[in-house]
Structures are given as structure tokens and as C-alpha cells.
Amino acid sequence: MRYIDPLVFGRKLLEIEKPSRYLGGEYGRLAKPSATLQAVIAFPDLYEIGMSNQALRILYNALNALPDVSCDRAFAPAPDFEALLRAEETPLYGLDSGIALGDADILMFTLGYELGGTELLTMLDLSHVPLHNEDRAQTDPIVIIGGPCTSNPLPYAQFADAFWLGEAEDGFFALAEKLRDMKQEGGRRDDLLEYLVSHPSVWSWKRRNEKKTRAIDADFATRPPSAAVFPIPNMKVIQHHGAVEIMRGCPNGCRFCHAGFWYRPMRQKTPNVIMQEAADFIKKGGYREISLSSLSTGDYQDIETLVDRLNAEYAPAHVSFQLPSLKVSTFSLPLLDKISAVRKSGLTFAVETPDAARQIALNKDVTLDAVVDVVLEARKHGWRGAKLYFMVGLSDDGDEAEKIVTFVKEAARRTRIHFNVNVGVFIPKPHTPFQWQRQLDEETARKRLDHIRASLKPLGHRVGVQNPFVSALEGVLSRGDERVGALIETAFKRGCRLDAWNEHIKTDVWRDILAENKALCDEILAEKDENTPLPWGGIDGGVGVSFLKKEWAKAAASEKTPPCEESCPHPCGVCGRESRIVKNVAVDHAEAEKGRLGQDVSQTSEATSLNKPSMKANSPTYRVVFTFSKQRQAVFYSHLDVVEIFSMALTRAGIPVKFSEGFNPLPRLEIAAPLSLGVAAEGELASIDTETFVDASAFLSAFNNQLPQGLCAVHAENVTIPFGAKKRSLASMVQGFTYKNGDTTDFVAPADEKSYRKSRGDSLFGLVRTGTRIACLTTS
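Residues numbered from 1 in each chain as written. Predicted model: local features only at pLDDT ≥ 70, side-chain atom pairs only at ≥ 80, totals over all residues. Heavy atoms only, no water.

Visitor: Lay out the packing of aromatic side chains in plain terms, naming residues and giving numbers.
Guide: Each pair of aromatic rings is reported with the distance of its centres and the angle of its planes. Under the counting rule described, the total for this entry stands at 22 aromatic pairs. Ring centres of Phe426 and Phe434 lie 5.6 Å apart, and the angle between their planes is 90°; this geometry places the pair in the edge-to-face category. Arg769 extends its terminal NZ or CZ atom over the ring of Phe737, reaching a point 4.3 Å from the ring centre. (Phe/Tyr/Trp six-rings, centres within 6.5 Å; stacked < 30°, edge-to-face > 60°. Lys NZ or Arg CZ within 6 Å of the ring centre and 35° of its normal.)

Set out below in C-alpha cells:
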């Protein structure tokens, strides 16, 4: 097997935007290079998106927990790093071990967004894996695609050997163990693939006439805690917080929502499992912001009691909790107060359409009065803004845009605030009651979006609209058949990359491709006949087609369907096999579950208790001053990244950190002077204030155990500042720095440092800042 050390690129990494995306070395790496079965989970987008993806983290943590199975990680490169890989003739590699992706046994892509197709091909090409499954040899990895886009695998059929349908917990990990055993017994690629595609939840083009069934994790609500914590990113990612999945599926049956139907039925974890998983993200991960994740968090039974328990345990440690998916009907003033106990997050209302009849057609009920009432109450308690989300194309109503404008104007008049308005274009997705509806054409969508923006922006509202061409492209990719694969491949060969990013998508190239295939695209986006087979008809998502047709008819008649219940008067077909709705029982589970979990999870963990403030009045300031080194990967970490790495490491180490006051409390951590990217260090100076005295030697040991590769605390001293005494920052005492380059050592004053580094030019890489001299201490 080939293994790549990314540091082989040397100073060329300084020409790459955010080089830490490609260097690995994070705290909590789990891959095992010596394991029999070598898998890589490949995410077809940038590191900061992929490391925020819950499915990737579930797969990574669960597969690495299996004996003799390894799962590494890889992410799509930005164009600058792709160019470097090609110039250096270096294959794409895993971040944990450096394994070349083409040498893995299994290469797994999780595809959560249809516009990731060209990046999937880029990753295959950079890994020297043939793009088409029919061209692969025994030495190539088995390519598997999973994720919500597999609800219609046809557009990607020629690129993957197999598609996993549904939730990995329902059989995929057992399948990995079987493949490991087969390899140990001498099984070759073809043997493993033949067994793989025989699974009832694995679809493949070669066996496309076989009906395949979505895997549903029937034990989701009853499984012991299993937080997917690791690894911890070395840079800020898009969702830089712990994510505890409190509920899977959604009871509401919004007829346009693909996720709502694809992840049925609703299953709710018990509060004690959630408490333990939150503790893991805090204690093992170092996170101080935790998202309680689900499709509709407000529908979690007794959500307020759960948030009460979490706040009682962790608010004193400056840990905050976010509820990202709240319906207007589940907002309440007490709940708003609870989630803002430490930090206030934004308010978002998914209105979709302001038309009352059309809302009923969608199976929603978000009235203007309800939005206004919540915003008015929130304003009384410190909120100053809110976001409204709408869609155009939900109907052929020519007044759709003006109705949205009127809704926002009236809401603003009654609440006296300016809204952040976001408007998308509706895309009828597979396996939903709207799968037969035509998609709004680009020109009409653009006119409606332009009208909304032109009407609301002059009034002071912030208005963001989705690119209607991108919506049309997404519709083609999500609703098409195997012929769409040729469009994706053509776009890749013409240079399309990172199509989900406005700054990267080559709209002109894609527009040419769609124009060259206009008849096909028109066919895909047109209204469908209910009795004509759909491309995804061979996939059993669990919800019966007859139920979807009934819901489609009820949408046309503006009739509502009640939310899913355990005793359901309108069965959709997903319950009654091996899966069912599971609600949390709204009682305190601390005693009931003590035996099952093997511990009293209501008790404060050792690490989190250390982080609770002492509340002593007139106490002195306890400070630990320490030096640290930056080597290898760490020389490419930015100053702000190092601050965040240290902050999370302190939490994991259980150091009783002192926090700032105010809206967003932060650890009282100081690094004396930022260091340029590419410069190594041997004696950087930093300090942390603590609530209680922490012995310097104990600090050094605990802190170093929590740091990623390349960072190391070298020396630490205790400083106690009496109450009322003046506190000086480290930065204010810096007198200069010592730099070493080869046999040459230079002392540089702070005022001259910028010009000194500039004078080094291309020789900046390889420079070492060996120490910092301050008024009362010199480090080296």
C-alpha cells in the first residue's frame, strides 16, 4: 500500500489556501493502518463541510470501533490543492494514515447533496480509480455511495459499484465485519462485491431489476450512548460544535420534505442517553456549544425538561445548547429563555409560503400571527432579529412573490424589526408526494426572486435568494435517470468543481451542457404521470406509493394529514415491519436507566465538574504561564486555529478555566504574539487564567495529553495575582523574539518583526522562532 506524508509538499503548502485542510494530525484520530479491512470515507466537498457532517462522523467512529477494521477520512480538494496533487503526481490520501485512496479495500462516498457529483469524480480521478465501475480491476477499491442522494441512485449508477440505501446502523457495520472475514479467508474484490450487492439494502446497476429496501435503524431510540465525537478538527469548520442527534425522522409529514419521508419513522432517544452523549462531546471532544439535532427538535417530547437538565448540568461551565429545527408551533417563551441561558442564537422561521391554503397543501401551518407573537415575545427578552425562509415554485400562483413581500412587510410593521429573508426555489424530490409535480422554470423563478429582492431590500431587510439556474440543475440531478450520469461526467471533464459553492461553480459550463441536452432536461423537470414508472421506482423507501398518491391528492384539495402517532389512523407503510414510532417518555429516567447504562448519568462527570466556576468573591487570579512549540503540521495552523485548539484541549483536560463576562463568554486564554503561517516555534508564550489553583506540572501533563500532532506545551509556571492588583497582558510585556534559520540566530524587536519576516521572502518556510523575551521572563 502507498502512504502519503503531506508534509512532503514543504513550502508549496504556503501557496495553498487553508493548508490545514490537507494535513491531518487531529486529536482523536482512530484509523488503524495494520487492520485487515482498509476503508476510507470520502466526502465530496471541502474539509470544513465534511467534518461537520453527522453521517461521516457516525461511519468513522463506528467502523473504527470494529476489530481489525480501519476507516480513514478524505475530503475534496479545492482547485489550488488539486493542481498541486496533479503537478506532483501524488494521489489523494487519507488524513489519518496517509493511505492512498486507490489502495483501500472500500472507498465510501457519503453524498448529501446532488451537486457533489463532479467532486466525486474528481476524487476518483485523483485517486487513480477508473470513473466507470465496468473499468475497475481486482486491485481497485470497491466504490460505495451512501447518503440521502441514494434515494435516486440512477444519475450516479455508472460511477459506483454499489449504493447503500438508508441508515448504516441497520446492517452496514455487520456487512463490514463480513467483508473483513472474507478478506481474511482469501476473498478477492469480486467475491466481496458479489456478497455486498446481494444485501437487501444495497442497490447496484448490474442488479437494477431487483427491488431494494431502505435500511431503517429500529434500535435508534434504545441503543446505549454512542456519540460520534472524533476526530476534533484543527480548524474552524462550518458547524463547529458538538451534535447530539436526539431524534431521527419527523412526525409532521410536510409533503415537500424529502428528509421527512426518507427518514421515517420518528424515533426519539431517552433523555439519559442524550445527557451522556452531550457529556461525551464536552468531556471527550472539548465542545462548549452543543446542537440538539433533529429534523424537528421541538417535537421531541418534553423538550423543555431535557433542556432544563442540560442547562442545570452545564450552564455553569459555560456550555450552551442550540435547537436548530424549531417549528413556530413549538416555540415558547420559556424554551427561548432556556436555550439562551449561556449564548443567544438566532431565530429562524420556515414559513415556506404565506398563502394559507397552500400551507395546508404542504401540510404545514405557520401563520403570520404566530410568527409575530413569537418575535414580539423574543424581543422582550433580548432578541433583535429573526430569519424567515420561503420558497417559490410551490404553486403556479402568479402572485406568489407579492404574497411573500406582503407577509414580510406586515410582520415588520407589527414587530418593528428588519428580517433576514431567504428565498429558495422548490425542487420536487423523489419519494415525496410532490415527486410528480413539475419544477418551476428558471426564467419564472428568476422574475419572482427579483421582485422579492427589489421590494424588500430598500425597506432595510436583508434578502438572500437561491440562484434559479442552480435550482434547475439540482432538479435535473435529483430527478433524472442514468442518462444524467453523462452530464455529470461531461461537466467534470470540462473543469467543473465544487458546484455547491457560488465562488466555484462554473455556471456557463453547466448552462452549455444543459442546453446541449435540453430535451432530456425538459423531460426530467416536467410534470409526471402518476401511473408512469419513475426512475427511482426500484427503491423501496418504506413509504408506500399508494400513500404518496393519497397525499398528492390531498395537497391538491388543500387537506391536512395529522402528524404521525404510535396508533396511526393513516398508515404510510413504514411502521409495522421491524420499525415503529418511538417517543421519549416524559419522566425523569435517572433511576430507571441507571442499571441499563451501568452508571448514574445524572451525576456530573469529573471533567465537567472541574470547569464549573468557584464563585468565591475577592479571590486572586490564578494564572498558568506556559511555553509551547509548533512543529510539523502545526506550523500551518493559523493563530485563531491554535487559540481554538487550546481552548478545546483545556476543556478535555478538565482545567477549571476562567471565562470572560458578557454575551459570548470566552476562556481567558492569551497567546503573546501571533506567528506567521509556515514558521516553526520552540518557545511561544501563552497563559490561561483559572478559577482555582492548578499546579503547573499537573497542567503540563493534562494539557499535552489533549493536543493534536505538532503542538506541545514545553514549560509551565504558576503566577498568582492578588485581588485588585493590576493585570498586565503578555503582549504588553513583549520585548522581542529570537529567530533561527540554520546556524544564524537573530533577535528581532516587535516593531521590526513584520519587516524582518518580509525580508526573508521565500525562505520564510523553515524559519524557527525559538523564543519570546518579555519584561520579566525570557522563554527558550
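Visitor: Requested: an account of the pattern of salt bridges, with residues and values cited.
Guide: By the definition in use, this model includes 52 salt bridges. Note that Lys403 and Asp355 form a salt bridge whose closest N and O atoms lie 2.8 Å from each other. Residue Lys403 is found in helix α13 (residues 400-415), and its partner Asp355 is found in the loop between β13 (348-352) and α11 (356-362); the two are separated by 48 residues along the sequence. A salt bridge links Arg769 to Glu753; the shortest N-O distance between them is 2.4 Å. (Salt bridge = Lys/Arg side-chain N within 4 Å of Asp/Glu carboxyl O. Helix = DSSP H or I, 4+ residues; strand = E, 2+ residues; numbered from the N terminus.)

Visitor: Provide a residue-level description of the environment of Ala445, including the pertinent values.
Guide: Inspection of the secondary structure puts Ala445 in helix α14 (residues 442-456). Given the relative accessible area of 1%, Ala445 is considered buried. Remark: the alpha-carbon pair of Ala445 and Gly393, spanning 52 residues in sequence, is separated by 7.0 Å. (Buried < 20%, exposed > 50% of the residue type's maximum accessible area, 1.4 Å probe, protein only.)

Visitor: Could you give an account of the side chain of Gln439, naming the residues involved and the relevant values?
Guide: Mapped onto the elements, Gln439 comes out in the loop between β15 (420-425) and α14. The class of Gln439 is buried, set by a relative accessible area of 4%. In this view, Gln439 contacts Phe426, Ile427, Pro428, Ser471, Ala472, Gly475, Arg479 and Leu525; residues no more than four positions away in its chain are not counted. (Contact = heavy atoms within 4.5 Å.)

Visitor: Any chance you could break down the layout of surface pockets for me, citing the residues and the numbers?
Guide: One number sums up the size of the second largest pocket: a volume of about 700 Å³. In terms of lining residues, the second largest pocket is bounded by 38 residues, among which Ile58, Asn61, Ser226, Ala227 and Ala228 are the most central. Contributions of two or more residues to the lining of the second largest pocket are made by α2 (54-64), β8 (242-245) and α8 (271-283). Take the lining of the second largest pocket: its biggest share by element is five residues, from α2. (1 Å grid on protein atoms, 1.4 Å probe; cavity = no way out; pocket = protein on both sides within 12 Å on 5 of 7 lines; lining within 4 Å. Points joined across faces, edges and corners; volume = space filled by probe spheres on them.)

Visitor: Lay out the environment of Cys496 in plain terms, naming residues and giving numbers.
Guide: Within the element layout of this structure, Cys496 appears in the loop between α16 (484-493) and α17 (507-516). Judged by relative accessible area, which is 0%, Cys496 ranks as buried. In this structure, the C-alpha to C-alpha distance between Cys496 and Ala357, residues 139 residues apart in sequence, is 41 Å. Ignoring anything within four residues of it in the chain, the contact list for Cys496 reads Thr118, Ala491, Lys506, Val509 and Trp510.

Visitor: Describe in detail the side chain of His461, supporting the description with residues and values.
Guide: By secondary structure assignment, the location of His461 is in the loop between α14 and β16 (462-465). A polar contact of 2.9 Å, which involves the side chain of His461, links it to the backbone nitrogen of Phe419. With sequence-adjacent residues up to four places away left out, His461 is seen in contact with Val408, Ala412, Ile417, His418, Phe419 and Leu456. (Polar contact = N/O pair within 3.5 Å; in protein donor to acceptor, adjacent residues only side chain to side chain.)

Visitor: Run through the packing of α2 against helix α5 (residues 172-184), naming residues and quoting values.
Guide: Relative to each other, α2 and α5 sit at 45°, their axes nearing to 11 Å. As the angle between them shows, α2 and α5 are arranged oblique. Here α2 and α5 pass one another in a crossing that is right-handed. Note on element contacts: α5 touches α2 through Phe172, Phe173 and Ala176, opposite Ile58, Leu59, Ala62 and Leu63. Here the residues of the contact of α2 with α5 are counted per class, giving seven nonpolar, no polar and no charged. (Axes fitted to C-alpha atoms, helices over the stretch in contact; angles between N-to-C directions. Parallel < 35°, antiparallel > 145°, perpendicular 65-115°, else oblique. Left-handed = near helix turned anticlockwise from the far one by under 90°. Nonpolar A, V, L, I, M, F, W, Y, C, P; charged D, E, K, R; others polar.)

Visitor: With reference to specific residues and values, describe the sheet that holds strand β14 (residues 387-392).
Guide: Across the sheet, four strands lie side by side as β13-β14-β15-β16; this open sheet has parallel pairing. The open sheet has two free edges, formed respectively by β13 and β16, since each of these has just one partner strand. Taking each pair of neighbouring strands and ignoring which way they run, the sheet shows an average axis angle of 20°. In the sheet, β13 pairs with β14 via four bridges, with the strands oriented parallel. (Pairing = 2+ DSSP bridges.)

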